[in-house]
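Chain by chain, the residues:
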Protein chains: 2
Amino acid sequence: MHPAFGLGTRDGGKMKAYGELSREELLALKSQLTAEYEDAKGKGLSLDMSRGKPSIAQLEMSNDFLDALNSGSLMKAEDGVDVRNYGDMDGIPEAKKLMGDLMGVPAENVIVCGNSSLAIMYDTVSRSYTHGVMGSTPWCRLENVKFLCPVPGYDRHFAVTQHFGIEMINIPMTPQGPDMDLVEKLVAEDESVKGIWCVPKYSNPQGYTYSADTVKRFAALRPAAKDFRIFWDNAYAVHDLFEDRGDELEDILSLCAQAGNPDMVYEFCSTSKITYAGAGIAAVASSPANLADLKKSMTLQTIGYDKVNQLRHVRYFKNLDGIRNHMKKHAAWMWPKFEAVLKVLDRELGGLGIGEWTRPNGGYFISFDAMEGCAKAIVAKCREAGMVLTGAGATFPYGKDPKDSNIRIAPSFPTPEDMEKAADLFVLCVKLISVEKLLEQKDA
Amino acid sequence: MHPAFGLGTRDGGKMKAYGELSREELLALKSQLTAEYEDAKGKGLSLDMSRGKPSIAQLEMSNDFLDALNSGSLMKAEDGVDVRNYGDMDGIPEAKKLMGDLMGVPAENVIVCGNSSLAIMYDTVSRSYTHGVMGSTPWCRLENVKFLCPVPGYDRHFAVTQHFGIEMINIPMTPQGPDMDLVEKLVAEDESVKGIWCVPKYSNPQGYTYSADTVKRFAALRPAAKDFRIFWDNAYAVHDLFEDRGDELEDILSLCAQAGNPDMVYEFCSTSKITYAGAGIAAVASSPANLADLKKSMTLQTIGYDKVNQLRHVRYFKNLDGIRNHMKKHAAWMWPKFEAVLKVLDRELGGLGIGEWTRPNGGYFISFDAMEGCAKAIVAKCREAGMVLTGAGATFPYGKDPKDSNIRIAPSFPTPEDMEKAADLFVLCVKLISVEKLLEQKDA
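Residues numbered from 1 in each chain as written. Chains lettered and ligands numbered in written order. Predicted model: local features only at pLDDT ≥ 70, side-chain atom pairs only at ≥ 80, totals over all residues.

Caption draft 1: Fine view of the overall build of chain A. A tally of helices and strands in chain A yields 13 helices and 13 strands. In terms of C-alpha radius of gyration, chain A reaches 23 Å, essentially the compact-globule figure of 22 Å for 444 residues. Its C-alpha atoms give chain A principal-axis dimensions of about 75 × 55 × 35 Å. In chain A, which comprises 444 residues, the proportion classed as buried is 58%. Relative to all contacts within chain A whose residues are 6 or more apart in sequence, the contacts with residues 24 or more apart total 77%. (Helix = DSSP H or I, 4+ residues; strand = E, 2+ residues; numbered from the N terminus. Rg over C-alpha atoms; globule rule 2.2 N^0.38 Å. Buried ≥ 20, exposed ≤ 12 C-beta atoms within 10 Å, placed from the backbone. Contact = placed C-beta atoms within 7 Å.)

Caption draft 2: Broad picture of the sheet that holds strand β2 (residues 110–112) of chain A. All names here are of chain A. The strand order β2-β9-β8-β7-β6-β3-β4-β5 describes an open sheet built from 8 strands, whose pairing is mixed. Strands with a single pairing partner mark the edges of an open sheet, and in this sheet they are β2 and β5 (177–178). Pairing of strand β4 (residues 167–174) with β5 involves 2 bridges; the strand directions are antiparallel. When the sheet's bridge partners are listed, Met173 is paired in β5 with Pro178. (Pairing = 2+ DSSP bridges.)

Caption draft 3: Fine view of the nonpolar core. Membership of the largest hydrophobic core comes to 285 residues, with the highest contact counts inside it found for Ala283, Val341 and Ile378 of chain A together with Ala283, Val341 and Ile378 of chain B. Those residues in contact with Val341 of chain B that lie beyond four places of it in its chain are Ile366, Ile409, Pro411, Met419 and Ala423 of chain B. (Core = buried A, V, L, I, M, F, W, Y, C linked by C-beta atoms within 7 Å.)

Caption draft 4: Layout of the pairing of strand β8 (residues 265–270) of chain B. Residue and element names in this part refer to chain B. With 6 of 6 residues buried, β8 is to be regarded as a mostly interior element. Relative to β8, strand β7 (residues 229–233) is paired through 4 bridges, and the arrangement is parallel. Its bridge partner being in β8, Ile230 is matched across the sheet by Val265.

Caption draft 5: Local environment of the sheet that holds strand β9 (residues 282–285) of chain B. Residue and element names in this part refer to chain B. Here 8 strands make up an open sheet; going across it, the order is β2-β9-β8-β7-β6-β3-β4-β5 and the pairing mixed. Of all strands in the sheet, those bounded by a partner on one side alone are β2 (110–112) and β5 (177–178). Judged from the 6 bridges that link them, strand β3 (residues 146–151) and strand β4 (residues 167–174) form a sheet pairing that is parallel. Paired with Val151 across the strands is Pro172, a residue of β4.

Caption draft 6: Layout of the confidence of the model for chain A. Residue and element names in this part refer to chain A. Put simply, chain A has an average pLDDT of 95, and 97% of its residues get 70 or more. Between residues 1–13, whose pLDDT stays under 50, and residues either more than four places distant or in other chains, the model counts 29 contacts. Model confidence for the complex is summarised by a pTM of 0.95, with the ipTM given as 0.94. (pLDDT = per-residue confidence, 0-100.)

Caption draft 7: Structural context of the relation of the copies chain B and chain A. Once chain B is rotated about the relating axis by 180 degrees and shifted along it by 0.0 Å, it coincides with chain A to within an RMSD of 0.0 Å. Accordingly, the operation relating the two chain copies is best matched by a two-fold axis. An overlap of 100% is found between the interface residues of chain B and their copies at the interface of chain A, pointing to a shared contact surface. (Least-squares fit on C-alpha atoms with pLDDT ≥ 70 in both.)

Caption draft 8: The domain arrangement of chain A, seen in detail. Residues and elements named next belong to chain A. Taken domain by domain, chain A consists of domain 1 (8–59 + 324–443) and domain 2 (76–317). Relative placement of domain 1 and domain 2: their C-alpha centres are 31 Å apart. Facing 28 residues of domain 1, the contacting portion of domain 2 comprises 29 residues. A per-element tally of the side of domain 1 that touches domain 2 places helix α11 (residues 320–349) first, with 9 residues. Residues of the side of domain 1 that touches domain 2, tallied by class, amount to 16 nonpolar, 8 polar and 4 charged. (Domains from an automatic or database assignment. Nonpolar A, V, L, I, M, F, W, Y, C, P; charged D, E, K, R; others polar.)

Caption draft 9: Looking closely at the interface of chain B and chain A. Taken together, the 47 residues of chain B in the interface contact 47 residues of chain A. For the side of chain B that touches chain A, the secondary-structure elements that each account for two or more residues are α2 (56–60), α4 (117–131), α5 (155–163), α9 (288–301) and α10 (307–317) of chain B. Considering every element that reaches the side of chain B that touches chain A, the biggest residue donor is α4 of chain B, with 6 residues.

Caption draft 10: Spotlight on α9 of chain B. Compared with an ideal rise of 1.5 Å per residue, which puts 14 residues at 20 Å, α9 of chain B spans 19 Å between its outermost C-alpha atoms and is within 8% of the ideal. The largest bend in α9 of chain B is about 30 degrees, located at Lys295 of chain B. For α9 of chain B, every residue scored as buried is listed here: Asn290, Asp293, Leu294, Met298, Leu300 and Gln301 of chain B. Structurally, α9 of chain B contributes buried residues whose contacts are with α4 (117–131) and α5 (155–163) of chain A together with β2, β8 and β9 of chain B. (Expected span 1.5 Å × (residues − 1). Bend = angle between axes of the 7 residues up to and from the residue.)

Caption draft 11: View of helix α6 (residues 180–189) of chain A. All names here are of chain A. Within the span of α6, buried status applies to Met180, Val183 and Val187. One side of α6 carries all its buried residues, which in axial view fall inside an arc of 55 degrees. The exposed residues of α6 that point more than 90 degrees off its buried face are Asp181, Lys185 and Glu189. Tucked inside the fold, the buried residues of α6 contact β3 (146–151), β4, β5, β6 (193–198) and α7 (212–219). (Arc of directions from axis to C-beta.)

Caption draft 12: Layout of the packing of helix α1 (residues 23–42) of chain A against helix α13 (residues 416–443) of chain A. Residue and element names in this part refer to chain A. Contact geometry of α1 with α13 gives a least axis separation of 9 Å together with a crossing angle of 145 degrees. Viewed along their axes, α1 and α13 form a crossing whose handedness is left-handed. On α13, the residues that touch Arg23, Leu26, Leu29, Lys30, Leu33, Thr34, Glu36, Tyr37 and Ala40 of α1 are Leu425, Leu428, Lys431, Leu432, Val435, Glu436, Leu438, Leu439 and Lys442. Here the contact of α1 with α13 is built from residues that sort into 11 nonpolar, 1 polar and 6 charged. (Axes fitted to C-alpha atoms, helices over the stretch in contact; angles between N-to-C directions. Left-handed = near helix turned anticlockwise from the far one by under 90°.)

Caption draft 13: How the structure looks around the environment of Pro200 of chain B. Residue and element names in this part refer to chain B. Assignment of secondary structure puts Pro200 in the loop between β6 (193–198) and α7 (212–219). When the 27 C-beta atoms within 10 Å are taken as the criterion, Pro200 is described as buried. When the C-alpha atoms of Pro200 and Asn234 are compared, they prove to be 6.2 Å apart, with 34 residues separating the residues in sequence. Sequence-distant contacts of Pro200, defined by excluding residues within four places in its chain, comprise Thr209, Tyr210, Val215, Trp232, Asn234 and Leu249.

Caption draft 14: Highlighting the environment of Tyr18 of chain B. All names here are of chain B. When you line up the elements, Tyr18 lands in the segment before α1 (23–42). For Tyr18, a count of 21 C-beta atoms within 10 Å puts it in the buried group. Between the alpha carbons of Tyr18 and Pro336 there is a distance of 29 Å; along the sequence they are 318 residues apart. With near-sequence residues (within four places) excluded, Tyr18 lies in contact with Leu352, Gly353, Ile354, Ser434, Val435 and Leu438.

Caption draft 15: Representation of the packing of α4 of chain A against α5 of chain A in the model. All names here are of chain A. Axis separation between α4 and α5 bottoms out at 10 Å; the angle between their running directions is 25 degrees. Between α4 and α5, the angle is such that the two are roughly parallel. Where α4 crosses over α5, the two elements pack in a sense that is right-handed. Residue-level inspection shows Leu118, Met121, Tyr122 and Val125 of α4 in contact with α5, the latter providing Arg156, Val160 and Thr161. Per-class residue counts for the contact of α4 with α5 are 5 nonpolar, 1 polar and 1 charged. (Parallel < 35°, antiparallel > 145°, perpendicular 65-115°, else oblique.)

Caption draft 16: How the structure looks around unusual backbone geometry. Here the bond from Asn204 of chain A into Pro205 of chain A is cis, since omega is 10 degrees, no more than 30 degrees from zero. You can see Pro205 of chain A is positioned in the loop between β6 and α7. Phi at Tyr202 of chain A is positive, roughly 50 degrees, even though this residue is not glycine. Even without being glycine, Asp404 of chain B reaches a positive phi, approximately 45 degrees. Positionally, Asp404 of chain B belongs in the loop between β12 (387–389) and β13 (406–409). A tally of 19 C-beta atoms within 10 Å means that Asp404 of chain B is categorised as partly exposed.

Below, the structure written as structure tokens:
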């Protein structure tokens, strides 16, 4: 297990675990918690922890970004193309380099697109559906198309595959990444398995980073389907929570090439959570053959993406070091909010046996696993008191968490003060719902 | 016929028409023209009139556009949404208003997207192919899907439908718009006709604007297919060539609603040829029901488009008057280039009976019709001497001009001086190829 990870309950132990309480003790606790909850509700809170949305303070850290290009700027890319005009459909060279460095791949493996990596992913699935992958049968002509979905995972990934009628298969996550025994087996056995969604670094929502061994096993997959692709959403490549340490992720592109699978992966990234969520740039990296295949449709879809914004990013950051320095500011702002949540979780829930949570080194989320059958009720209870969390179940395909247990906590948007209030309310709701569940179990 | 349009040959008549020349006269002319051509070739010209690409001077007219937002700017949209963050998937309210005004439709009928209207069109076709239109059978599940294509037309439209295996049917253009008798008949008769590509104002390449009667007939179509849609690419809505006059286009959205066909049209526009070709904003306008249908996919495809650039456009132009004033600068720069071409065409080809050309009031092109079977040869001859034109045939579906006659002239990119050189070379090649064709015909 990654040394930085741990389950909150380990550190606890101050209190008796709820599971060991008698019916009477539970009833007393329930009435106490209910009173506390009514109190909290009376405060008229309005907190939003539903999405991995940057905070205003974080956006302000990029404000001089808008000054990186002005009427006095030279508007030519390195290759002489005027960024204001048509041309360079697949991105200006210096933006390819910058986004390539962000992903740890050469510039020639990169296409820089518009402001949304989700759009590149959607388009890649859509293109495979309408036109196939490098000459394969278009997925719309196949009876069965399946995607493997490490769970819990990113709801928007699942929404895309669901939209295209693609069957989604849950793959359990571990702190080292998806259950690779299962991935290897399903990919090798079933030709209808065409893809897998991955957030390999600081996974959404657990914050796990795939281990070197996991990435190597991914690169060495032997899929039954020629058009099987790994959708490697490297959304949090430089999104460490600490200045002095962060997880390391192996470069899957080169590992795939070494393993004789050069075309098996598409890697995606964006600056949505580096500069502006609404006005970043996004990129896809892959093998030359895959890029050529993507471009066949892309050149019909657009004459080119916003190159002015590409150049703005390059002028602002200059290089990967520029991005890394910038991200230290984010970390300094983000960590205290994670810390506030983790402290409250540790203090209030430690040792109670009613929840486990992750302790990530980066990314945008803390993943919380409540007792089975409690997640929906906890989220509803929070909402009733003025706090919006990501809908329970959202972290699973079809919105169905088989255990109704996982809750995604997104500390990015609130202020640290709000974050503490939010965490207090959250643990209160967890306790109350857990007590109710335990009473139910005793009564059953 | 629209009063502003005319065929170049009308004004001519100085010279004997080539068709009336004897074999000997043609031979003498050929040897003279060949000498002139060799001369021209020796000049080592390098001219590009292949695409409707803005010139550098035109781009410079928007340079202070980049100053419209800077680190000191208020970054909130009218609805309070921070444009730097996620939110307002379908565009900020003030950008909807601006783009709506550009198209002459209410803001509530508008979705503002990224930098490319072509991408919105591609995505709309793709979405219909994968998911159908408002509940209809997805086009990928149908045996036959057809689009009507007014010709000559825009090659990128045709490329999109071809990419999706959609059968394209040529519809002859007239100065009033497409042949509506044919459009009405095919749309009413054939349920597999699902769409028609239109550039209703300053059409690409002829520069024709659909007459009020044509637009009304469009709005009153009675399609056999419920999912038939008009793809109304209003790319040149404010792109007049003169300060004091321009063509008027009826608003098809309201006409469709009046005719009981509220959902029959998607209208597209962008600022690619207003601010920057590489960094404009694009929009689609349609009925509430169509927009809701589009959004079902869009909300999965992206969390939102670049709202910073949307706000930049609003801050820069303020309103439609701001855009109109800006476009006067474009007109003042563009018209002399059109004039240079038209003067040379009139002077050199007038009365020769070897070509006809349009005389648009706006847009980006002049359409030239050579003698049958000559377009490819003329374009090749021009290229040999250093001038790149749009490939002959490109203005027709599948790149096949049945008469091999149409050539698109794009005066936007070259300087006026280059434009004159280009026109001189062009008429020379037209003459030479026409003489060769006439000699062939005499020898046959």
